[in-house]
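# Summary of the model geometry
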Amino acid sequence: MKRNHTMMQFFEWHLEADGSHWDRLKYAASKLKDIGIDCVWLPPVTKGQSVGDNGYGIYDGYDLGEFDQKGTVRTKYGTKDELLQAIATCHNYGLCVYIDLVMNHKAGADGTEKFEVIEVNPNNRMEDISEPFEMEGWTKFDFPGRKNKYSDFKWNHTHFNGTDYDAENDKMGVFRITGENKHWNPHVIDEFGNYDYLMFANIDYSLPEVRQEMISWGKWMVDTLKCDGFRLDAVKHIDYEFINEFLQELIPYTKEHFFMVGEFWKADVKACQTYLEQTNHDLNLFDVSLHYKFHEASKAGADFDLSTIFDDTLVQTNPAQAVTFVDNHDSQPHESLESWVKDWFKPSAYALTLLRLCGYPCVFYGDYYGIGGPSPVPGKKDILDRLLYARYEKAYGEQTDYFDDPNTIGWVRHGVEELEGSGCAVIISNGDHNSEKRMFVGEHRAGEIWIDLTCHKDDHITIEDDGFATFPVHGKSVSVWALNNPL
């Protein structure tokens, strides 16, 4: 039978820049498969502006840790050969591999150029705050270490429409590059007036030669890495007409079931739905709305109405295209979009993604293995292993919700015949005291003894003759009741 799919984001922001991450993935692959992970999303594999760059400050898309550029051959995560070995190992264990593509900007230019710009208000990019003037900017990308291998495309200021640093005057700002038909792209989100510009040298997708180069690069990545999907970074800042063109070119080029998911960081589910329509529903999206619900619930405690946890979320409105997650590298502490879900609620949040019928759940590396950096956070491997076990072995079949109380909610997965012992009853509380909920699991279950797979409760619950049972849960906790023993 077809088992549940589960993705892991296999990185966090503060991984050591020691070049060992691809080897780490290679050695983890078999264990990941054992715990129910069958897809891994990797960080950007391309050469960044320095050896410590996480990959989002992309310098050369064709350098996967092969060329001596920016003071290093390897990337933060390792060499190209180590990357290819890790991907091959993942495939040997039946793990799909998704690659993070950064297509919004370029960083770490090889040289400066002089060109005309207009400085704009960072809080309203449609408002000019200077007259046109000549500036010196880092916009020349020659990739001397690569020597034209794989591509002879060279980037200069004409391929960008904005940058953030006036080298001559040592001044930071948002500078719109002028010229014939030079403007912010209109097919982006309208935050800050127009959110085409995000950082570094902003790629101008109004140019046919730029679009063709980026599509060729995407195909080269598929051919080189034999990957199974892409995560498209920062798509709300990129011309959605180009994203459409990219999808239309790449989807028929790739193997069947190649997976594409975009990071459209917007909590407004209507904006997400509009973007899905603009991209012809060919792209999946991370459910940012649900993430912020989790964050809010973890801060509010018993004041949050759990029965509304899925209201105005993508997994509720567009479940087939929602990738659900609890936290990621941007939401972790001290990062750009910090909105960390508090520890007490995190197991409940993971239950709400892993054990439900809808959505494609993603487990965060930092939640599983822990977070490094200036404020380390230990991982939650034990509870996540138990929830992943419940997802892989139990969370199948029809779903009945008991979202009838603001502080205690539950649901039942009724199981499938093909998987003996499948089915579970999940109960979550955000109150301060023990709670319970009477739920129907099926008359054919009468007499079965169910236990809490999370080990939060040590009760043994006997299913009654009418197929009901009363399932308990500790305050501010989650319990997953099912037949058979836990890990």
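The rules we used
- Here the residue numbering is sequential within each chain, running from 1 through the sequence in written order.
- Where local features are concerned, this predicted model is filtered to residues with pLDDT of at least 70; where side-chain atom pairs are given and counted, the filter is 80 or more; whole-chain, interface and lining totals use all residues.
- Each side-chain value is worked out from all heavy atoms of the structure, with water and hydrogens disregarded.
- UniProt positions are given in the numbering used here, feature names are shortened, and annotations may be inferred rather than shown by experiment.
- Helix and strand labels come from DSSP, where a helix needs a run of H or I of at least four residues and a strand needs a run of E of at least two; each type is numbered from the N terminus.
- Should any heavy atoms of two residues lie within 4.5 Å, those residues are considered in contact.
- Within 3.5 Å is the distance limit for a polar contact, defined as a pair of N or O atoms, with the added protein rule that one can donate a hydrogen and the other accept it, and that residues adjacent in sequence qualify only through two side-chain atoms.
- Residue burial is assigned from relative accessible area. The probe radius is 1.4 Å, only protein chains are included, and a residue is buried under 20% of its type maximum, exposed over 50%, and partly exposed in between.
- The axes used here are C-alpha line fits, helices contributing only the stretch in contact, and every angle between their N-to-C directions lies in the interval 0 to 180 degrees.
- Crossing handedness is read from the near helix: turned anticlockwise from the far helix by less than a right angle, it gives a left-handed crossing, and turned clockwise, a right-handed one.
- Residues were grouped as follows: Ala, Val, Leu, Ile, Met, Phe, Trp, Tyr, Cys and Pro as nonpolar; Asp, Glu, Lys and Arg as charged; and all remaining residues, including Gly, as polar.

An unreviewed UniProt entry annotates the protein as Alpha-amylase originating from Peribacillus simplex. What UniProt records for the protein under Sequence similarities (unreviewed entry) is the sentence "Belongs to the glycosyl hydrolase 13 family." The heading Cofactor (unreviewed entry) in the UniProt record of the protein holds the text "Ca(2+)".

## Considering the UniProt feature "binding site: Ca(2+) 1" (unreviewed entry) in the protein
Mapped onto this numbering, the UniProt entry annotates "binding site: Ca(2+) 1" (unreviewed entry) at Asn104, Asp196 and His237. Spanning 134 residues, the named residues form one tight spatial group whose C-alpha atoms are at most 8.6 Å apart. Topologically, Asn104 is positioned in the loop between β5 (96-101) and β6 (105-106). Beyond its immediate stretch of four places on either side in the chain, Asn104 contacts Asp196, Leu198, Met199, Ala201, Asn202, Ile203, His237 and Ile238. At a separation of 3.4 Å, a polar atom in the side chain of Asn104 contacts the side chain of Asn202. Relative to the elements of secondary structure, His237 occurs in the loop between β13 (229-232) and α4 (240-253). For His237, a relative accessible area of 5% gives the class buried. Setting aside its immediate chain neighbours within four residues, His237 contacts Asn104, Val188, Tyr195, Asp196, Tyr197 and Leu198. Looking at His237, its side chain comes within polar contact range of the main-chain oxygen of Tyr195, at 2.7 Å.

## Here we look at the packing of helix α3 (residues 208-225) against α4
Between α3 and α4, the least distance of the axes is 10 Å, while the angle of their chain directions is 35°. As α3 packs across α4, the resulting crossing turns out to be right-handed. For the pair formed by α3 and α4, the contact residues are Arg211, Met214, Ile215, Gly218, Lys219, Val222 and Asp223 on the first element and Phe242, Glu245, Phe246, Glu249, Leu250 and Tyr253 on the second. Residues belonging to the contact of α3 with α4 are distributed by class as follows: seven nonpolar, one polar and five charged.

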